[in-house]
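# Coordinate analysis (summary)
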Amino acid sequence: MREEVVLANRNHGLLTEALRHDVTPIGMHYLLSHFDVPYVEDGTAWRLAVGGNVDRRLSFSVAQLKALPQRTLRVTMECAGNGRAHVSPRWPSMPWGSEAVGTAEWTGTPLKGVLRQAGLKPDTVEVAFLGADRGYDKGHEHEFGRSLTTEMALSDDVLLVYAMNGQPLLPQHGFPLRLIVPGWFGMASVKWLERIEALNRPYDGYEQVRGYLYKTHPDDAGIPVTTIKVKSLMVPPGMPDWYTRQRLVERGRVTLRGRAWSGGGVGIASVDVLINGVVHAATLDAPTGRYAWRGWQCMWDAVPGEYEIGPRATDANGVTQPLEVPFDRAGFGINSVQTLKVTVR
Ligand SMILES: Nc1nc2c(c(=O)[nH]1)N[C@H]1C(S)=C(S)[C@@H](COP(=O)(O)O)O[C@H]1N2
Ligand SMILES: [Mo]
């Protein structure tokens, strides 16, 4: 579809060879923007308005936010639609294969400090976050906005961030200010954050109540998409064929490497590598943060032949990646085992 090619040119994925980096270099982090990237010349005029159901309406410049307590968190972010292209029929949207994931060090100030300054009224049930970008989806005009429950908004690790990997945010990653909700799929981390609204009723913005719902049939009421699901990916071994991306590996001992992650701050318990269906246990690297993916490696004695290789992770809750592609209408939360075709010569 022409539309899918246009979206794929605007929103790039992680190059899977970059899975070797603990922290994804900035230009290699995946990207997903629904509408246009807002034009912000230098960010000095940017204001974050905090209002709605609060005791005090406040407004912050980015410099004022930088003067508040600073915190850096290493966070693996994944798009809820990652894996969509594996589902049939394919939902008309960004046709992600498996590469809409990346890990960055995000620096900012805890959201809860700002909310405490404004003072949430006791009947506040949700806090909404509104971006400066605006457009249409299925005929509905809206600004990109999302909400969190009051409890989640006041939790320790949700940040208002102005830096990524120690540098100012790039325009496409939300310059000059964005929200980061660690452990949740990417849609929660609103870019170009302009307004925070405390609400005494649930937020009914399009991306909250229409956009991000797991559904299996058209009139399904749907389940909100929230935390990331357990998943793993492998650094493609050997060298690729330019067009098919099939891999060619020399015989002998090969170290297969990759990353595994889950959501909501849940760690990784184990990774198995399936080589033509045979299970090889991987060794896990040391964890590098509650919300960061975990490296793994696995020695393989490669004998000439044709192989399908894919890692399968299990998280600390005992949840394991499915072998079959789960069905979701819009292709959300697809976390089945991803295999690569490898020829050993
Ligand atoms: N304002 C705004 N925030 C947004 C989006 C957007 O389109 N507009 N896309 C969301 C989605 S769907 C994802 S997956 C992440 C992607 O963040 P990144 O582009 O910095 O990787 O941003 C989220 N925040
Ligand atoms: Mo996304």
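Anything mentioned here points back to the structure above.
Notes on the structure follow. (Residues numbered from 1 in each chain as written. Chains lettered and ligands numbered in written order. Predicted model: local features only at pLDDT ≥ 70, side-chain atom pairs only at ≥ 80, totals over all residues. Heavy atoms only, no water.)

## Some thoughts on the packing of aromatic side chains
This is how the line gets drawn: Each aromatic pair joins two rings of Phe, Tyr and Trp (for Trp, the six-membered one) with centres within 6.5 Å, and gets the label stacked for planes under 30 degrees apart, edge-to-face for over 60, and tilted for any other angle. A helix here means a DSSP run of H or I that spans at least four residues, while a strand means a run of E at least two residues long, and both kinds are numbered starting from the N terminus. Accessibility here uses a 1.4 Å probe with only protein chains present; expressed as a share of the type maximum, an area under 20% marks a residue as buried, one over 50% as exposed, and anything in between as partly exposed.
As enumerated under the stated definition, the model contains four aromatic pairs in all. Between Trp-261 and Trp-293, the ring centres sit 6.1 Å apart and the planes meet at 55°, which makes this aromatic pair tilted. A residue pair is termed long-range when its members are at least 10 positions apart, and Trp-261 in strand β16 (residues 252-261) and Trp-293 in the loop between β19 (283-284) and β20 (294-302) qualify at 32 residues. Neither residue differs from the other here; Trp-261 and Trp-293 are each classed as buried. Ring geometry for Trp-300 against Tyr-307: centres 5.0 Å apart, planes inclined by 85°, an arrangement best described as edge-to-face.

## With respect to helix α3 (residues 111-118)
An α-helix turns once per 3.6 residues; consequently, residues spaced three or four apart project the same way. Keep this limit in mind: Read the arc as the range of directions from the helix axis to the C-beta atoms.
Within α3, the full set of buried residues consists of Leu-111, Val-114, Leu-115 and Ala-118. Around the axis of α3, the buried residues are gathered within 100° of arc, so they sit on the same side. Note on α3: the residue one or two positions beyond its end, Gly-119, has a positive phi of about 75°.

## Observations concerning the site of ligand 1
The condition that has to hold: One heavy atom within 4 Å of a molecule or strand makes the whole residue count as near it. Whenever a nitrogen or oxygen atom comes within 3.5 Å of another N or O atom, the pair is scored as a polar contact, on the condition that within protein one atom can donate a hydrogen and the other can accept it, and that pairs from neighbouring residues in sequence are kept only if both atoms are in side chains. Using a 1.4 Å probe, the Shrake-Rupley method yields the accessible areas, and only the shown protein chains count as cover for residues. Ten residue types, Ala, Val, Leu, Ile, Met, Phe, Trp, Tyr, Cys and Pro, are classed as nonpolar, four, Asp, Glu, Lys and Arg, as charged, and the remainder, Gly among them, as polar.
The local shell around ligand 1 holds 19 residues, among which His-34, Asp-133, His-173, Arg-178 and Lys-191 are the closest. Within the side chain of His-29, a nitrogen or oxygen atom sits 3.4 Å from an oxygen atom of ligand 1. A distance of 2.7 Å separates an oxygen atom of ligand 1 from a polar side-chain atom of Arg-178. The protein chains hide 100% of the 530 Å² of surface that ligand 1 would expose on its own. Of the residues assigned to the shell around ligand 1, the class counts are ten nonpolar, six polar and three charged.

## What to know about the sheet that holds strand β17 (residues 268-275)
Definition in use: At least two bridges found by DSSP between two strands is the condition for calling them paired.
With respect to topology, six strands assemble into an open sheet ordered β14-β15-β22-β21-β17-β18, the strand pairing being mixed. The open sheet has two edge strands, β14 (239-240) and β18 (278-281), and neither has a second partner. With five bridges joining them, strand β21 (residues 305-315) and strand β22 (residues 340-344) adopt antiparallel strand pairing. Bridge assignment links Glu-306 to a residue of β22, and that residue is Thr-343.

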